[in-house]
Amino acid sequence: MTSLFIPNAHPRRAALAALVAGQLLLLLAIWLFYPLQIFPRLGEVLGALGSLITSQGLLQELWASLTTAWQALGIATVLALGISYLTALPFFRPLAFAASKLRYLTLTGLTFFMALMLSSGHQVKLTVLVFGATVYLVTGMTQVILGTTQEELDHARTLGLGEWGSFWEVVVRGKLPDMLEVIRQNFAIIWTLITLVETLYQSEGGIGLLLYKQNRYLHLDGVLAIQLVILALGVAQDYAFEGVRRVFFPYAGLGAA
């Protein structure tokens, strides 16, 4: 256990798991026995969660948001990969540079123009999510590609692969684990944005609209219950991405040991 207090130490997984479990139990005990006045009690939150599931369609709304989020992630990933891989050609690097800087634009103003150009609320929601995710994915993916060393490319050339063959093996195939990691890290952006767009375009419902209604009527227990559900789902998806990375790219973590 002393390794937990040593800088740069690598404690065993069992010790880390016990540490996390202990800290979570401590926070749960504080919430249960010493609640803050601004937060609902644990029992109230659990009761609100049960009501949300049984009478307010929490699971259906969550599924609607989840399917939209994954659809947006798929489109954004394809767009971001295309733009990022083009940075291998100097001619297209300004495109990726410009796309990454668009992340500073606020979506509040962009939704108005998107609503004028598109015909349905679903298209507007999807476009906003795709735009918001793509600009951040491009930023991370471009850094991964530009981080390719000259030694890696030279090694591929010595194997007779040529320029395009070296690009395919080193940049495209070789960087796939890093690309998946960028996607995992930035998927949370979609969940941050989806509550906004579902509030603006309410025709299809979603977890964001349900959260907005709870917040509007000051049902703080319901707000906290939904937030905890979103957090739990996000953590589960985070571990799912990590599991996929370990299954398909087991070699990716060898250099980190």
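Residues numbered from 1 in each chain as written. Predicted model: local features only at pLDDT ≥ 70, side-chain atom pairs only at ≥ 80, totals over all residues. Heavy atoms only, no water.

A. Quick look at the overall build of the protein. What the protein contains, in helices and strands, is 11 helices and zero strands. Along its sequence from the N terminus, the protein presents helices and strands in the succession α-α-α-α-α-α-α-α-α-α-α. Put simply, the protein has 257 residues, and 35% of those count as buried. Counting contacts in the protein only where the partners sit at least 6 residues apart, residues at least 24 apart contribute 72% of the total. Charge-centre separation for the protein: the mean point of 15 positive side chains lies 3 Å from the mean point of 14 negative side chains. (Helix = DSSP H or I, 4+ residues; strand = E, 2+ residues; numbered from the N terminus. Buried < 20%, exposed > 50% of the residue type's maximum accessible area, 1.4 Å probe, protein only. Contact = heavy atoms within 4.5 Å. Lys, Arg positive; Asp, Glu negative; His and termini not counted. Charge placed at Lys NZ, Arg CZ, Asp CG, Glu CD.)

B. Structural view of the packing of helix H3 (residues 58-85) against helix H6 (residues 121-146). It is at 7 Å that the axes of H3 and H6 come closest, and there the two elements cross at 40 degrees. With respect to H6, the axis of H3 lies oblique. The two elements H3 and H6 cross, and the hand of that crossing is right-handed. Facing H3, whose interface residues are Thr68, Gln71, Ala72, Ile75, Ala76, Thr77, Leu79, Ala80, Leu81, Ile83, Ser84 and Tyr85, H6 presents His122, Leu126, Leu129, Val130, Ala133, Thr134, Leu137, Val138, Met141, Thr142 and Ile145. (Axes fitted to C-alpha atoms, helices over the stretch in contact; angles between N-to-C directions. Parallel < 35°, antiparallel > 145°, perpendicular 65-115°, else oblique. Left-handed = near helix turned anticlockwise from the far one by under 90°.)

C. Spotlight on the packing of aromatic side chains. For the structure on display, the rule yields six aromatic pairs. With 5.8 Å between their ring centres and 20 degrees between their planes, Trp70 and Phe241 make a pair best called stacked. In this pair, Trp70 is assigned in helix H3 and Phe241 in helix H11 (residues 220-248), connecting sequence segments 171 residues apart. With a centroid separation of 5.1 Å and 85 degrees between ring planes, the pair formed by Phe91 and Phe92 is classed as edge-to-face. Taken together, the ring pairs connect Trp70, Phe187 and Phe241 into an aromatic cluster. (Phe/Tyr/Trp six-rings, centres within 6.5 Å; stacked < 30°, edge-to-face > 60°.)

D. Inspection of the nonpolar core at higher detail. Membership of the largest hydrophobic core comes to 55 residues, with the highest contact counts inside it found for Ile190, Trp191 and Ile226. Examining the composition of this core, we find that 13 residues originate from one element, H6, more than from any other. Beyond its immediate sequence surroundings of up to four residues, Ile190 is in contact with Ala69, Ala72, Leu73, Leu129 and Ala133. (Core = buried A, V, L, I, M, F, W, Y, C linked by side-chain atoms within 4.5 Å.)

E. Structural detail: the side chain of Asn186. On the secondary structure map, Asn186 appears in helix H9 (residues 176-200). Residue Asn186 is classed as buried on the basis of its relative accessible area, which comes to 14%. In this structure Asn186 touches Tyr136 and Leu137, once residues within four positions along its chain are discounted.

F. Quick look at the side chain of Glu181. Within the secondary structure layout, Glu181 lies in helix H9. With relative accessibility at 15%, the residue Glu181 sits in the buried group. Once residues within four sequence positions are removed from consideration, Glu181 is found in contact with Glu242 and Arg245.

G. The pattern of salt bridges, seen in detail. In total, this model carries nine salt bridges according to the counting rule given. Across the pair Glu163 and Arg157 runs a salt bridge whose closest N-O atoms are separated by 2.8 Å. Each of the salt bridges in this network shares a partner with another, and the network as a whole consists of Glu181, Arg184, Asp238, Glu242 and Arg246. (Salt bridge = Lys/Arg side-chain N within 4 Å of Asp/Glu carboxyl O.)

H. Molecular detail of helix H5 (residues 107-117). All of the buried residues in H5 are Leu107, Thr111 and Met114. Viewed along the axis of H5, the buried residues span an arc of 65 degrees, placing them on a single side of the element. Exposed side of H5, more than 90 degrees from the buried face: Phe112, Phe113 and Leu116 are the residues found there. Check the buried side of H5 and you find it contacts H6 and H9. (Arc of directions from axis to C-beta.)

I. The arrangement of the confidence of the model for the protein in detail. Taken residue by residue, the protein gives an average pLDDT of 86. The fraction at 70 or more is 95%. Per-element averaging of pLDDT across the protein places H5 at the bottom with 77 and H3 at the top with 94. (pLDDT = per-residue confidence, 0-100.)

J. Focus on a nonpolar patch on the surface. Together, Val20, Leu24, Leu26, Leu27, Ile30, Leu32, Phe33 and Tyr34 give the surface a local cluster of nonpolar side chains, amounting to about 880 Å² of exposed area. Relative to the helices and strands, Phe33 is located in helix H1 (residues 13-33). (Patch = residues over 30% accessible without salt bridge, like charges linked within 9 Å, V, L, I, M, F, W, Y side chains within 5 Å. Areas by Shrake-Rupley, 256 points an atom, 1.4 Å probe, with all protein chains shown as cover.)

K. Main features of the packing of helix H4 (residues 93-101) against H6. At a closest axis distance of 7 Å, the pairing of H4 and H6 adopts a crossing angle of 130 degrees. On the basis of the axis angle, H4 is oblique to H6. In terms of crossing hand, the pair formed by H4 and H6 is left-handed. Only Val135, Val138, Thr139 and Thr142 of H6 make contact with H4, whose side of the interface consists of Ala96, Ala99 and Ser100. For the contact of H4 with H6, the residue count by class is four nonpolar, three polar and no charged. (Nonpolar A, V, L, I, M, F, W, Y, C, P; charged D, E, K, R; others polar.)

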